[in-house]
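Geometric and topological summary
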Amino acid sequence: AIKQNNLDEIEKLLYDVSTPSSLSYGQHLSFDEVGRIVTNRQATTGVLNWLKSHSVDIKAQSYYGEYITARASVLVWEKIFDTTFHEYHPVEQFNTHKAHRSVVRALSYSLPEEVNPFIHTVLKLINLPP
């Protein structure tokens, strides 16, 4: 997830449109209006260039560039995030004959200095599914 711009402005707008005594009460912003306010093209471009420089395959990005979906080998992810991945299996897999999918996750990771200012978080890297 890319760090977004103007979050303080969005928060103020949220309170304004939600407060009955505000002149802006009920004048909610559209998806596009919010997107134009918070988009951070510099960060999105910086992260995309960094990923491409490590031969990471960019699969998709959200309309305003706040999310990037990418694919690479575990070895590449380990190198660029200075981490080690482990395979985790659901406990139920060992108690029944049902097929359960394992997940590959790390316990921690580091963001390189060159992209640290641009990245809010890396999803599906350390969190296990519910």
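Everything below is about the structure printed above this text.
Note that the structure is predicted; figures quoted are calculated from it, not measured. (Residues numbered from 1 in each chain as written. Predicted model: local features only at pLDDT ≥ 70, side-chain atom pairs only at ≥ 80, totals over all residues. Heavy atoms only, no water.)

1. Some remarks on the environment of Val 76
Just so we agree on the cut-off: Under the DSSP-based scheme used, a helix requires at least four consecutive residues in state H or I and a strand at least two consecutive residues in state E, with every element numbered from the N terminus. For this analysis, residues touch if any pair of their heavy atoms sits within 4.5 Å.
Mapping Val 76 onto the fold places it in helix 4 (residues 74–80). Spatially, the C-alpha atom of Val 76 lies 43 Å from that of His 28, the residues being 48 residues apart in sequence. With residues near it in sequence (within four places) discarded, Val 76 still touches His 54 and Val 56.

2. Quick word on the nonpolar core
Just so we agree on the cut-off: Nonpolar core, defined: a set of buried Ala, Val, Leu, Ile, Met, Phe, Trp, Tyr and Cys residues in which side-chain atoms within 4.5 Å join the residues together. Each residue is placed in one exposure class: buried if its accessible area under a 1.4 Å probe, protein chains only, is under 20% of its type's maximum, exposed if it is over 50%, and partly exposed if it falls in between.
If you look at the biggest cluster of nonpolar residues, it comprises 16 residues, and the most contacted ones within it are Val 47, Trp 50, Leu 51, Trp 77, Ile 80 and Phe 81. Put simply, the parts of the chain that give this core at least two residues each are helix 3 (41–53) and helix 4. For this core, the element with the most residues is helix 3, which contributes 4 residues. Leu 51 has contacts with Val 56, Ile 58, Ile 68, Ala 70, Trp 77 and Ile 80, leaving out every residue within four places of it along the chain.

3. Observations concerning the environment of Asn 6
Test applied: Pairing of N or O atoms within 3.5 Å defines a polar contact, subject to two protein rules: one partner must be a possible hydrogen donor and the other a possible acceptor, and residues neighboring in sequence count only if both atoms are side-chain atoms.
Mapped onto the elements of the fold, Asn 6 is located in the segment before helix 1 (7–18). For Asn 6, a relative accessible area of 37% puts it in the partly exposed group. As for Asn 6 and Thr 39, which are separated by 33 residues in sequence, their C-alpha atoms are 8.5 Å apart. Within polar-contact distance, the side chain of Asn 6 engages the backbone oxygen of Ile 37 at 2.6 Å.

4. Quick look at the packing of helix 1 against helix 2 (residues 31–38)
Note the cut-off: A fitted line through C-alpha atoms represents every axis, and for helices the fit uses only the stretch in contact; the resulting angles, taken between N-to-C directions, go from 0 to 180 degrees. The handedness criterion is simple: a crossing whose near helix is rotated anticlockwise from the far helix by less than a right angle is left-handed, and one whose near helix is rotated clockwise is right-handed. Charged means Asp, Glu, Lys or Arg here, nonpolar means Ala, Val, Leu, Ile, Met, Phe, Trp, Tyr, Cys or Pro, and polar covers whatever is left, Gly included.
Where helix 1 contacts helix 2, the two axes come as close as 9 Å, and the packing angle between them is 145°. As for how helix 1 packs across helix 2, the hand of that crossing is right-handed. Along its contact with helix 1, which presents Leu 7, Glu 9, Ile 10 and Leu 13, the element helix 2 presents Val 34, Ile 37 and Val 38. Looking at side-chain class alone, the contact of helix 1 with helix 2 contains 6 nonpolar, no polar and 1 charged residues.

5. A closer look at helix 3
Our working definition: Given a helix with a known number of residues, its expected span is that number minus one, times 1.5 Å. By arc we mean the arc of the directions from the helix axis to the C-beta atoms, nothing more.
The terminal C-alpha atoms of helix 3, which comprises 13 residues, lie 18 Å apart, in line with the 18 Å expected from a rise of 1.5 Å per residue. Looking only at helix 3, the buried set comprises Ala 43, Thr 44, Val 47, Leu 48, Trp 50 and Leu 51. Projected onto a plane normal to the axis of helix 3, the buried residues spread over an arc of 165° and lie on a single side. Turned more than 90 degrees off the buried face of helix 3, the exposed positions are Gln 42, Lys 52 and Ser 53.

6. A few points about the packing of aromatic side chains
Keep this limit in mind: A pair of aromatic rings is counted whenever rings of Phe, Tyr or Trp (Trp by its six-membered ring) have centres within 6.5 Å, and the orientation is called stacked for planes under 30 degrees apart, edge-to-face for over 60 and tilted otherwise.
This structure, assessed with the given rule, holds 5 aromatic pairs. Centre to centre, the rings of Tyr 63 and Tyr 64 are 4.8 Å apart; their planes meet at 80°, and the pair counts as edge-to-face. The class of Tyr 63 is exposed, set by a relative accessible area of 63%. Taking the centre distance of 5.8 Å and the plane angle of 15° together, the rings of Trp 77 and Phe 81 count as stacked. Phe 81 matches Trp 77 in its accessibility class, with the two residues each being buried. Three or more aromatic residues joined by ring pairs form one cluster here, namely Trp 50, Trp 77, Phe 81 and Tyr 109.

7. Considering the pattern of salt bridges
Defined as follows: By salt bridge we mean one thing: a side-chain nitrogen of Lys or Arg within 4 Å of a carboxyl oxygen of Asp or Glu.
Throughout the structure, instances matching the rule amount to 2 salt bridges. When the shortest N-O distance is used, the salt bridge between Lys 12 and Asp 16 registers 2.8 Å. Taken together, the residues span about one helical turn, with Lys 12 and Asp 16 both in helix 1 at a distance of 4 residues. Between Asp 57 and Lys 59 there is a salt bridge, with its nearest N and O atoms 3.0 Å apart. Accessibility expressed as a relative area gives 37% for Asp 57, which makes it partly exposed.

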